[in-house]
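One-letter residues, chain by chain:
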Amino acid sequence: MAVQRVVIGVDSSTQATKAVAVDVDTGAVLGVGRAPHSVSTGAARESEPEQWWDAFTEAVRGTGHADRAAAVSVGAQQHGLVALDSRGVPVRPALLWNDVRSAPQAAALLEELGAEEWARRTGSAPTAAFTVAKWAWLRANEPQAADRVAAVRLPHDYLTERLTGVAVTDRGDASGTGWWTPRGYDKDILHRVGLDPALLPEVLAPGTAAGAVRAGTPLREGALVAAGTGDNMAAALGLGLEPGMPVVSLGTSGTVYAVTRGRPRDPSGTIAGFADARGDWLPLACTLNCTLAVDRIAGLLSLDREAVEPGGGAVVLPYLDGERTPNLPYASGLLHGLRHDTSPGQLLQAAYDGAAYSLLTAVDDVLRAGGEPVDPAVPLLLVGGGAKGAAWRATVRRLSGRPVCVPAAQELVALGAAAQAAGLLTGEAPDEVARRWGARDGVLLEPTPRDTETLERIKDTLRGAGALFTSARGPAR
Ligand SMILES: Nc1ncnc2c1ncn2[C@@H]1O[C@H](COP(=O)(O)OP(=O)(O)O)[C@@H](O)[C@H]1O
Ligand SMILES: O=C(CO)[C@@H](O)[C@H](O)COP(=O)(O)O
C-alpha cells in the first residue's frame with residue numbers, strides 16, 4: 001500500500017490560528033487544530049507575535065499530524081507591521097491591518113505622491129491598513145522603537161522565518177505593504193518613509209520553497225516549507241479560483257475579491273490592487289467591520305445573531321472600528337431612521353445590511369478593476385466564519401441579487417496554504433491541487449430579487465452623514 005502523504009496548512013488570522021492536516025492525494029482533511037489570539041482594545045489594534053507562535057504551535061499539534069507532515073505553509077492576516085530588533089525579537093507588539101491610528105500618515109503619503117502615482121506603482125492608493133502607513137506611524141510616534149528595528153516582516157513572513165530561519169515573503173502578501181511593485185521593492189517609497197530595503201525579506205517567485213523546518217519547532221525537522229501568503233490570497237488558492245469568479249469573505253474583515261488576469265490600479269482607494277500568490281492579480285475591497293461588529297450589535301440588543309426580522313426603515317452603519325471601505329477611518333457606528341415601531345430584530349437586520357453593503361456594491365468594481373467581465377449570473381462564492389450563518393447568507397443573497405455558492409470545505413485559508421505545501425511535493429500549481437481536492441464544491445443558493453430599496457436607503461444615509469464620519473475629532477474611543 002502506498003504511504004499516505006500529509007501536508008499542513010495554517011491560517012494565522014486576526015482572532016485565531018487554524019491549522020488543517022490534509023492527505024495530498026485525496027484532499028481528505030485528517031485533522032484540524034485551533035488556538036485563539038488576543039487583540040488589544042481601545043484605539044489600538046495590536047497583537048503579540050510571540051502569541052501567534054504559541055497559537056501556531058498549539059494549532060499544528062492539534063491536527064494530530066505535526067510530526068509526520070512532509071510540507072507546511074502559512075497564510076496569515078495581511079498588512080501587519082512586525083518590527084524586529086537585531087536578535088529577531090519584536091521591538092513592540094505588531095500593528096494590525098485594522099488599527100486606524102495610521103490614518104493621518106496614509107493621508108499624508110497619498111498627498112505627497114498623489115493617488116494616481118501610488119496606483120501606477122503599487123496598484124493601490126494606501127489606506128491606514130497598509131504596512132507603509134504603519135511604518136510611517138511608528139517613525140512619527142515611537143522614533144526610539146523605530147531606530148531599534150533591524151527587520152520588518154508581515155505576519156506570515158514572521159512565522160515562516162520562525163520555522164525556517166529564512167527571511168522571505170511572497171508577491172501576494174508583499175503587495176499589501178505599499179512598497180512592493182511587480183519589479184521589486186520601490187526604493188523611492190522606502191526612502192520617503194525612511195525604511196532601509198535591507199530590512200525587508202526576499203520576495204520568492206511563485207512555487208519556490210522558503211526552506212525546511214529547523215530543529216526545535218512543533219513540526220518535523222526537514223519538512224518543506226512553502227512561501228506562504230496573505231490570508232485572502234491563500235483562500236483564493238484554497239478555492240482553486242479561476243479568473244473572474246467573485247468571492248465574498250465574512251470574517252473579522254469583510255472582503256470581496258477575484259483572481260484577474262489584468263493588473264488593477266484604482267486611484268480611488270476602494271479597490272486594493274493586490275497580486276495573487278501565483279502570477280495573476282487579486283483586486284480586493286476590504287471592510288473593517290464585518291462579523292465582529294454585527295455580533296457586537298446583536299449582543300447590545302441581547303439577541304441571538306440569527307434573530308433578525310424583516311421590514312422597518314432603519315439604517316445601521318456598524319463602523320465600530322472606523323471604516324476602510326468607504327475610507328472613513330474616523331467614523332463610528334451610526335443608527336438612522338429609528339421609529340416607535342422599529343423592532344430589535346429589524347435593527348439587527350439593518351446591522352447585517354450596513355455591514356454587507358460596501359462589499360456587495362464593490363463586486364462589479366473588483367471584476368472591472370482586473371478587466372474581467374461582469375456577469376450577475378456567475379455565483380458569488382461565500383466563505384469565512386460568517387458564511388455558516390443563515391442571516392448572513394440571506395443578507396448576501398438579498399443585497400447582491402446573485403446566486404450564492406457556499407463551499408462545504410471549512411477553513412479555506414488554511415486549506416489554500418495546505419494546497420501550496422502540497423504543490424511543493426507534487427509539482428502541481430496550488431490552485432490545481434485545490435481543484436483536484438474539490439474544495440470549491442458546496443451548496444448553490446438560487447438568486448433572489450435584489451433589494452434595491454435598502455441599498456438606496458443605505459447610500460442616502462452614507463451620503464448624509466458627512467462630517468459625522470470625516471471629522472478626526474469624532475467620539476472618543
Ligand atoms: N455559525 C455562525 N454563524 C454566523 N457567524 C459565525 C458562525 N460561526 C462563526 N461565525 C463568525 O465568524 C467569525 C470568525 O470568522 P473567521 O473567518 O474565522 O475570522 P478571522 O479569519 O477574521 O479570524 C466570528 O467573528 C463569528 O462572528
Ligand atoms: O486587511 C485585510 C485585507 O486587505 C484583511 O482581510 C486581513 O487580511 C485580515 O483578515 P481576517 O483576519 O479577517 O481573516
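Because the structure is predicted, anything quoted here is derived from the model rather than measured. (Residues numbered from 1 in each chain as written. Chains lettered and ligands numbered in written order. Predicted model: local features only at pLDDT ≥ 70, side-chain atom pairs only at ≥ 80, totals over all residues. Heavy atoms only, no water.)

*Asks:* What exactly am I supposed to notice about the pairing of strand β3 (residues 29-36) here?
*Replies:* A regular strand carries its side chains on alternate faces of the sheet. Pairing between strand β2 (residues 16-23) and β3: seven bridges, direction antiparallel. Note on β3: the bridge partner recorded for Val-22 is Val-29. The loop that links β2 with its antiparallel partner β3 comprises five residues; one of these, Gly-27, has a positive phi angle of about 80°. (Pairing = 2+ DSSP bridges. Helix = DSSP H or I, 4+ residues; strand = E, 2+ residues; numbered from the N terminus.)

*Asks:* Got a minute to help me understand the pattern of salt bridges in this structure?
*Replies:* Pairs can form between side chains of opposite charge once their charged atoms are near each other. Enumeration according to the criterion identifies 31 salt bridges in this entry. Note that Lys-18 is salt-bridged to Asp-11, the shortest N-O span being 3.6 Å. One exposure class covers both Lys-18 and Asp-11, and it is buried. Residue Asp-295 is joined to Arg-305 by a salt bridge in which the shortest nitrogen-to-oxygen separation is 3.0 Å. One end of the pair, Asp-295, is in helix α10 (residues 291-300); the other, Arg-305, is in the loop between α10 and β20 (315-317), and 10 residues separate them in sequence. Accessibility expressed as a relative area gives 27% for Asp-295, which makes it partly exposed. Among the ionic contacts, a cluster of salt bridges with common partners joins Glu-112, Glu-117, Arg-120, Arg-121, Asp-186, Asp-188 and Arg-192. (Salt bridge = Lys/Arg side-chain N within 4 Å of Asp/Glu carboxyl O. Buried < 20%, exposed > 50% of the residue type's maximum accessible area, 1.4 Å probe, protein only.)

*Asks:* Looking at this structure, how should I read the environment of Glu-411?
*Replies:* Considering the arrangement of structural elements, one finds Glu-411 in the loop between β23 (404-407) and α14 (412-426). Overall, the relative accessible area of 24% leaves Glu-411 in the partly exposed class. Sequence-distant contacts of Glu-411, defined by excluding residues within four places in its chain, comprise Asp-11, Lys-18, Val-20 and Arg-34. (Contact = heavy atoms within 4.5 Å.)

*Asks:* Explanation requested: the site of ligand 1 in the structure shown.
*Replies:* The environment of ligand 1 is formed by 14 residues, the closest being Ser-13, Lys-18, Thr-252, Asp-295 and Gly-385. Here Thr-252 contributes a side-chain N or O atom positioned 2.5 Å from an oxygen atom of ligand 1. Measuring from an oxygen atom of ligand 1, one finds a side-chain N or O atom of Arg-305 at 3.4 Å. Relative to its unbound accessible surface of 580 Å², ligand 1 loses 79% to contact with the protein. Grouping the constituent residues of the shell around ligand 1 by class yields one nonpolar, nine polar and four charged. (Near = heavy atom within 4 Å. Polar contact = N/O pair within 3.5 Å; in protein donor to acceptor, adjacent residues only side chain to side chain. Areas by Shrake-Rupley, 256 points an atom, 1.4 Å probe, with all protein chains shown as cover. Nonpolar A, V, L, I, M, F, W, Y, C, P; charged D, E, K, R; others polar.)

*Asks:* Can you walk me through the packing of helix α2 (residues 103-113) against helix α3 (residues 115-122) in this structure?
*Replies:* The description of two packed helices rests on the angle between their axes and on the distance between the axes. The interhelical angle for the contact between α2 and α3, taken along N-to-C directions, is 90°, at an axis separation of 6 Å. Overall, the two elements α2 and α3 adopt an arrangement that is roughly perpendicular. Across from Leu-109, Leu-110 and Leu-113 in α2, the residues of α3 making contact are Ala-115, Glu-117, Trp-118 and Arg-121. Split into classes, the residues belonging to the contact of α2 with α3 amount to five nonpolar, no polar and two charged. (Axes fitted to C-alpha atoms, helices over the stretch in contact; angles between N-to-C directions. Parallel < 35°, antiparallel > 145°, perpendicular 65-115°, else oblique.)

*Asks:* So what exactly am I meant to see when it comes to the sheet that holds strand β16 (residues 247-250) here?
*Replies:* In a beta sheet, neighbouring strands are held together by backbone hydrogen bonds and run either parallel or antiparallel to one another. With mixed pairing, the seven strands of this open sheet are ordered in space as β18-β19-β17-β16-β22-β23-β24. Because the sheet does not close on itself, it has two edges, and the strands there are β18 (272-275) and β24 (442-445). Pairwise comparison of adjacent strand axes, ignoring direction, gives a mean angle of 25° for this sheet. Here three bridges tie β16 to strand β22 (residues 380-383), and the two strands are oriented parallel to one another. When the bridges of β22 are listed, Ser-249 appears paired with Val-383.

In short, geometric facts, not functional conclusions.
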